[in-house]
Amino acid sequence: MSGTGSGAPGGPGISVVVCVYTEERWEDILAAVASVRAQSRPALETLLVVDHNRALLDRLEREYKEAEDVRVLANAGPRGLSAGRNTGIAAAHGEVIAFLDDDAVAERDWLRHFAAAYADPRVMAVGGRTVPIWASGRRPVWFPEEFDWVVGCTYRGLPPGRVRVRNVLGGNASFRRIAFDAAGGFATGIGRDGDKRPLGCEETELCIRLTRAVPGAVLLIDDRAVIHHRVPAGRERFGYFRTRTYAEGLSKALVARSVGAGKGLESERRYATRVLPAGVARGLRDAVLARPGGAGRAGAIVAGVLTAAGGYVVGSVRARRGGTAFSVAPIEGESG
């Protein structure tokens, strides 16, 4: 990897990686970059990594050709989010590398809160809070907050404040660059790859691998590091909810295969045995009190559990048969 940089006095230089793939999100991409450039603690650089889309690559290069703080790169690996992130990591100059979704905007102090956490040298990763921006203007009444991870957002059940966690959530996260030296990059073949099936969990697998590679590593979520994530209309529908929870089960099976079910499902057990039953009870109570959507939220939680469990079973069978695989490669940075 290349040497570290310094983006602001008294803290690590932070490179921000935004992975992009479609011109349909053009305005969102511009807004994401603008939110990074407006940070109270300036980023060292913003890297836009384009996933095998020549037209988008050319358009972004024209848009930012005069910008000294924005670089546009082509994904150097196979199609998909993991390889795109790995391309960004390899090219980044910062001591810390942060990731922002291409359809999200960061609040002004996002990077300042990340940087503050790295004052502790044990801290290897810091994530933040992701708030949904619903296309319809409001949360669908049936959509339970316990399942906001379905739309890439912070969900009910995560502890508040700055807390230690097993894994950060990839769309709003940061890592020390030395974490990738120790553990390798994001695994390809486990997350989103341009297919219609919304797989995930690549950040979970990486974080577990990291804590094994670096004994004593601390991973945090600071809920003051806030981004706002756009949720398109198609993802407000129950059909997407069901597809995404099933895909999560498939992904969790891959993670469990890689790191073992004990660590791979450690957080999920508490979530399934405490958070979700409480959510069902809340929904049923709201139904009894004639509050809108109560029964729907309770039903969605049950449906989400069942479809995720079904995906996990199918994914486990495929993994045992060798039908699915993913790989982790070391990150090789630029020279200089």
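As the structure is a computational prediction, the values presented were derived from the model and not from experiment.

(A) Inspection of the pattern of salt bridges at higher detail. Taken as a whole and assessed by the stated rule, the structure comprises 22 salt bridges. Across the pair Arg 244 and Glu 248 runs a salt bridge, and its minimum N-O distance is 2.9 Å. Taken together, the residues span about one helical turn, with Arg 244 and Glu 248 both in helix 7 (residues 238-259) at a distance of four residues. Look at Arg 244 and you get buried, because its relative accessible area is 7%. Across the salt bridge formed by Asp 286 and Arg 291, the nearest N and O atoms sit 2.9 Å from each other. Via salt bridges that share partners, Glu 145, Glu 146, Arg 156 and Arg 282 belong to a single interconnected network.

(B) The arrangement of the side chain of Ser 15 in detail. Positionally, Ser 15 belongs in strand 1 (residues 14-20). A distance of 3.5 Å separates the side chain of Ser 15 from the backbone nitrogen of His 93, its partner in a polar contact. With near-sequence residues (within four places) excluded, Ser 15 lies in contact with Leu 44, Glu 45, Leu 47, Ala 92, His 93, Gly 94, Val 96, Ile 97 and Ala 98.

(C) Fine view of the packing of aromatic side chains. Taken as a whole, this structure holds 16 aromatic pairs when the rule is applied. For the ring pair Trp 142 and Phe 143, a centre distance of 5.1 Å and an interplane angle of 40 degrees mean the geometry is tilted. For the pair shown, Trp 142 and Phe 143 are each scored as buried. With a centroid separation of 5.5 Å and an interplanar angle of 85 degrees, the aromatic rings of Trp 142 and Phe 241 are classed as edge-to-face. Of this pair, Trp 142 sits in the loop between strand 6 (123-134) and strand 7 (162-164) while Phe 241 sits in helix 7, and the two are 99 residues apart along the sequence. When sorted by exposure, Trp 142 lands in the same class as Phe 241, which is buried.

(D) Layout of helix 4 (residues 110-117). Counted residue by residue, helix 4 has six buried out of eight residues, so it is predominantly covered. Those residues of helix 4 that sit buried are Trp 110, Leu 111, His 113, Phe 114, Ala 115 and Ala 117.

(E) Spotlight on the confidence of the model for the chain. Taken over all residues, the pLDDT of the chain has a mean of 89, while the share at 70 or more is 87%. Note on residues 1-7: pLDDT is under 50 here. Beyond four places in sequence and across chains, it has 30 contacts.

Procedures and definitions
Residues numbered from 1 in each chain as written. Predicted model: local features only at pLDDT ≥ 70, side-chain atom pairs only at ≥ 80, totals over all residues. Heavy atoms only, no water. Salt bridge = Lys/Arg side-chain N within 4 Å of Asp/Glu carboxyl O. Helix = DSSP H or I, 4+ residues; strand = E, 2+ residues; numbered from the N terminus. Buried < 20%, exposed > 50% of the residue type's maximum accessible area, 1.4 Å probe, protein only. Polar contact = N/O pair within 3.5 Å; in protein donor to acceptor, adjacent residues only side chain to side chain. Contact = heavy atoms within 4.5 Å. Phe/Tyr/Trp six-rings, centres within 6.5 Å; stacked < 30°, edge-to-face > 60°. pLDDT = per-residue confidence, 0-100.

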